[in-house]
Amino acid sequence: MKIYTKTGDTGETGLFGGGRVRKDSVRVDAYGEVDELNASLGMARSLFITPTDLDALLLRLQDQLFTVGAVLATPVGTKASEHIPKIKAEWVTDMEKAIDTFETELSPMTHFILPGGSQAAAALHLSRTVCRRAERRVVAALREGEAQQEAVVYLNRLSDLLFVMARVANHRAGIEDVKWIPEKPTK
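### Description of the overall build of the chain
Summing up its helical and strand segments, the chain has five helices and four strands in all. Going from the N terminus to the C terminus, the chain shows its helices and strands as β-β-α-α-α-β-α-α-β. Along the first, second and third principal axes, the C-alpha atoms of the chain reach 50 × 50 × 30 Å. The burial tally for the chain puts 42% of its 187 residues in the buried class. When the accessible surface of the chain is totalled, it reaches about 11,200 Å², and 57% of it is carbon and sulfur. Both charge centroids of the chain, one from 24 positive and one from 25 negative side chains, sit 3 Å from each other.

### Some thoughts on the packing of aromatic side chains
For the structure shown, the criterion picks out two aromatic pairs. Pairing Trp91 with Tyr154 gives two aromatic rings, centres 5.9 Å apart and planes at 70°, and the pair type is edge-to-face. One end of the pair, Trp91, is in helix 3 (residues 89–103); the other, Tyr154, is in helix 5 (residues 149–172), with 63 residues separating them in the sequence. For the pair formed by Trp91 and Tyr154, the shared burial category is buried.

### Some points on helix 2 (residues 53–72)
Here helix 2 spans 28 Å end to end across 20 residues, near enough to the 28 Å set by a 1.5 Å rise per residue. With a side-chain oxygen positioned 3.1 Å from the backbone nitrogen of Leu54, the residue opening helix 2 is Thr52.

### Quick notes on the nonpolar core
If you look at the biggest cluster of nonpolar residues, it comprises 48 residues, and the most contacted ones within it are Tyr154, Leu155, Leu158 and Leu161. Only helix 1 (26–46), helix 2, helix 3, helix 4 (119–143) and helix 5 provide two or more residues apiece to this core. Among all residues touching Leu158, those that are not within four sequence positions of it are Leu37, Leu61, Leu65, Met95 and Cys131.

### Observations regarding the environment of Asp55
The topology assignment puts Asp55 in helix 2. Not counting residues up to four positions away in its chain, the partners in contact with Asp55 are Arg45 and Phe48.

The rules behind each value
- Residues numbered from 1 in each chain as written.
- Predicted model: local features only at pLDDT ≥ 70, side-chain atom pairs only at ≥ 80, totals over all residues.
- Heavy atoms only, no water.
- Helix = DSSP H or I, 4+ residues; strand = E, 2+ residues; numbered from the N terminus.
- Buried < 20%, exposed > 50% of the residue type's maximum accessible area, 1.4 Å probe, protein only.
- Areas by Shrake-Rupley, 256 points an atom, 1.4 Å probe, with all protein chains shown as cover.
- Lys, Arg positive; Asp, Glu negative; His and termini not counted.
- Charge placed at Lys NZ, Arg CZ, Asp CG, Glu CD.
- Phe/Tyr/Trp six-rings, centres within 6.5 Å; stacked < 30°, edge-to-face > 60°.
- Expected span 1.5 Å × (residues − 1).
- Polar contact = N/O pair within 3.5 Å; in protein donor to acceptor, adjacent residues only side chain to side chain.
- Core = buried A, V, L, I, M, F, W, Y, C linked by side-chain atoms within 4.5 Å.
- Contact = heavy atoms within 4.5 Å.

The following block contains the structure:
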């Protein structure tokens with residue numbers, strides 16, 4: 001199988017299960033953002049010097065995001081939609097459990113924090129913002145009938161998890177979160 005097919009040279013792409021759509025359609029935009037999110041998690045994983053529980057969790061999330069992308073790329077009701085994995089509700093439950101577990105390592109938040117710190121934490125914060133953008137694109141696709149609510153819920157919870165994971169990465173590296181201290185308004 002060749003990587004280049006030239007079938008997209010006219011600004012259209014094929015959906016999994018058949019049919020062609022413009023590359024700027026809400027569906028393609030949504031699963032493209034999920035693809036970028038997955039790549040950003042791969043980048044974050046590359047910054048862990050040795051495999052950790054964070055790395056293992058990110059790998060599992062990458063696998064799940066591939067499923068989310070496949071679901072978004074496959075129109076409901078097509079023959080292909082019967083053969084792809086589904087977004088599972090327990091993935092969200094597992095993320096909530098991970099958040100609760102990780103938060104036991106952290107001091108309670110008393111301020112907004114600035115994204116950054118260790119390289120791993122900064123990469124996780126960046127992935128969180130990519131996740132939020134993907135969520136917004138999936139919400140737009142949902143409004144057009146081109147996405148499923150499960151994808152929105154999954155991405156919403158994932159962004160929360162990535163925020164907590166970034167804090168944990170800093171904590172484990174001995175780096176304190178940087179509090180946002182707004183300037184006093186001038187009169």
